[in-house]
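Working through the structure, step by step
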Amino acid sequence: MSNTKHEDAIMKMGFRYFRDQILKMLGIDYDYVDIGPTELVELTIHSLSMDFTFLTTGDFYIHVEFQTTDSEKKDLRRFHAYEAVFSHETGKKVITYVIYSGGITNAMDTLDCGIYEYKVIPIYLTQKNADEIFRYLQEKKTAGEKFTDEDFAKLSLTPLMASGLGKKDTIKTAILLTKQDDGEAAEKTMAMLYTLADKFLQGNDLEEIKEVVAMTRLGQMLYDDGVRDGEEKGSARMATLTKRLLDDNKVVELQLALDDLKYREKLMEEYEIK
């Protein structure tokens, strides 16, 4: 699935669900005005990328970072830099919460900066077990019971919990359980899981998750959007390929191209059709 406007909308849905439901579940209870920016550029030299920022009704920002490793002072200096640049650009105060997974249960939260101390607020999710949640929800599913809003909230956090599964398989399992329901809570949970997949995974692992999402209602949104955006270009490319194959008297190859997307793209590459 390409990075389309619907993909951006799904990510924003995940951000909002994280802000409005998950943060309160973690004890981070504020009223918010909007989602804040996450990309910072300082002196056009260093590009800084934060995970989440949210503007509160108190006119200050909540900054949330996910950490699967603990580099102690190095991490705190990075968070401090984020806050300093962000505060400078927005003119507002910033409070940083760090959500730890990956087995981390006790991380450094204070940095000695000379005449003052910089602090973050740590939240540890590895004390919770994703596998137990999966077993419990699988039992509910087998019994024909509906998942509650709390069940979906827990599912959305499973990629950050301890698990015998790898990160990809944890996210995949959560998505497969979520897709059993087509309600609003399930859709928002799916969006949150997709957002975390984009945060933690890359390459083939991320593509595999996208394939799973493609079989859901959100995936249909992405597919429909991609069809509309690429329809004109796709038709022109196919018309060019058809003409080239007929010119070369390759009728069999043309039929295969019509039936097999991967083979079609292979021919597109061979004929250098962009």
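Because the structure is a prediction, the values reported are computed rather than measured.

Details of the sheet that holds strand β1 (residues 32-35)
The five strands are arranged β1-β4-β5-β6-β9 in an open sheet whose pairing can be described as mixed. A single partner strand is all that each edge strand has here, and the edge strands are β1 and β9 (121-124). Sheet twist, expressed as the mean angle between neighbouring strand axes with direction ignored, is 25°. The pairing of strand β4 (residues 52-56) with strand β5 (residues 61-67) spans four bridges and is classified as antiparallel. Opposite Thr53, over in β5, you have His63 as the bridge partner.

Some points on the confidence of the model for the protein
Taken over all residues, the pLDDT of the protein has a mean of 79, while the share at 70 or more is 75%. The least confident element of the protein is strand β3 (residues 46-49), whose mean pLDDT is 55; the most confident is strand β8 (residues 117-119), at 96. A low-confidence stretch, residues 1-6 stays under pLDDT 50, and its non-local contacts, those more than four residues away or across chains, total 16 contacts. Across residues 222-231, where pLDDT falls below 50, the model places 11 contacts with residues more than four positions away in sequence or in other chains.

Things to note about the packing of helix α3 (residues 130-142) against helix α4 (residues 149-157)
In the contact formed by α3 and α4, the axes pass within 11 Å of each other and the chain directions differ by 140°. With respect to their mutual orientation, α3 and α4 come out oblique. The handedness of the crossing between α3 and α4 is left-handed. Of the residues in α4, those in contact with Ile133, Phe134, Tyr136, Leu137 and Lys140 of α3 are Asp151, Lys154 and Leu155. Classifying every residue of the contact of α3 with α4 gives five nonpolar, no polar and three charged.

Section: α3
Over its 13 residues, α3 extends 18 Å from the first C-alpha to the last, a length consistent with the 18 Å expected when each residue adds 1.5 Å. Taken together, the buried positions of α3 are occupied by Ala130, Asp131, Ile133, Phe134, Leu137 and Lys140. In this structure, the buried side of α3 is in contact with α4 and α5 (167-178). With a side-chain oxygen lying 2.8 Å from the backbone nitrogen of Asp131, the N-terminal cap of α3 falls on Asn129. Once α3 finishes, Gly144 follows within two positions and takes phi at roughly 80°, a positive value.

Observations concerning the nonpolar core
Residues Phe18, Ile99, Leu155 and Ile175 are the most contacted members of the largest nonpolar core, which totals 46 residues. For this core, the element with the highest residue contribution is helix α6 (residues 184-200), accounting for eight residues. Not counting chain neighbours up to four residues away, the residues in contact with Ile99 comprise Phe18, Leu26, Val64, Glu65, Phe66, Gln67, Ile123, Leu125 and Leu160. Formed by 16 residues, the second largest nonpolar core is a distinct cluster that contains Leu55, Tyr61, Ile104 and Tyr124.

Topic: the packing of aromatic side chains
Any aromatic ring pair is given by two values, namely how distant the centres are and how the planes are angled relative to each other. For the structure shown, the criterion picks out 13 aromatic pairs. Centre to centre, the rings of Phe147 and Phe152 are 5.7 Å apart; their planes meet at 65°, and the pair counts as edge-to-face. The burial state of Phe147 is the same as that of Phe152; both residues are buried. Clustering of aromatic rings is evident, with ring pairs tying together Phe18, Tyr30, Tyr32, Phe52, Phe54, Phe60, Phe66 and Phe200. Across the ring face of Phe200, the terminal group of Lys167 is positioned such that the distance to the ring centre comes to 4.7 Å.

Thoughts on unusual backbone geometry
At Asp59, a position not held by glycine, the phi torsion is positive, near 65°. For Asp59, the location among the structural elements is in the loop between β4 and β5.

Regarding the environment of Thr173
When you line up the elements, Thr173 lands in helix α5. Residues Thr173 and Val212, 39 residues apart in the sequence, show an inter-C-alpha distance of 9.9 Å. In contact with Thr173, not counting residues within four places along its chain, are Phe134 and Leu165.

Comments concerning helix α2 (residues 73-90)
Between the first and last C-alpha of α2 there are 25 Å, a value that for 18 residues agrees with the 26 Å anticipated at 1.5 Å per step. Taken as a whole, α2 has its buried residues at Asp75, Leu76, Phe79, His80, Tyr82, Glu83, Val85 and Phe86. Just downstream of α2 lies Gly91, where phi reads positive at about 75°.

Rules of the game
Residues numbered from 1 in each chain as written. Predicted model: local features only at pLDDT ≥ 70, side-chain atom pairs only at ≥ 80, totals over all residues. Heavy atoms only, no water. Pairing = 2+ DSSP bridges. Helix = DSSP H or I, 4+ residues; strand = E, 2+ residues; numbered from the N terminus. Axes fitted to C-alpha atoms, helices over the stretch in contact; angles between N-to-C directions. pLDDT = per-residue confidence, 0-100. Contact = heavy atoms within 4.5 Å. Parallel < 35°, antiparallel > 145°, perpendicular 65-115°, else oblique. Left-handed = near helix turned anticlockwise from the far one by under 90°. Nonpolar A, V, L, I, M, F, W, Y, C, P; charged D, E, K, R; others polar. Expected span 1.5 Å × (residues − 1). Buried < 20%, exposed > 50% of the residue type's maximum accessible area, 1.4 Å probe, protein only. Polar contact = N/O pair within 3.5 Å; in protein donor to acceptor, adjacent residues only side chain to side chain. Core = buried A, V, L, I, M, F, W, Y, C linked by side-chain atoms within 4.5 Å. Phe/Tyr/Trp six-rings, centres within 6.5 Å; stacked < 30°, edge-to-face > 60°. Lys NZ or Arg CZ within 6 Å of the ring centre and 35° of its normal.

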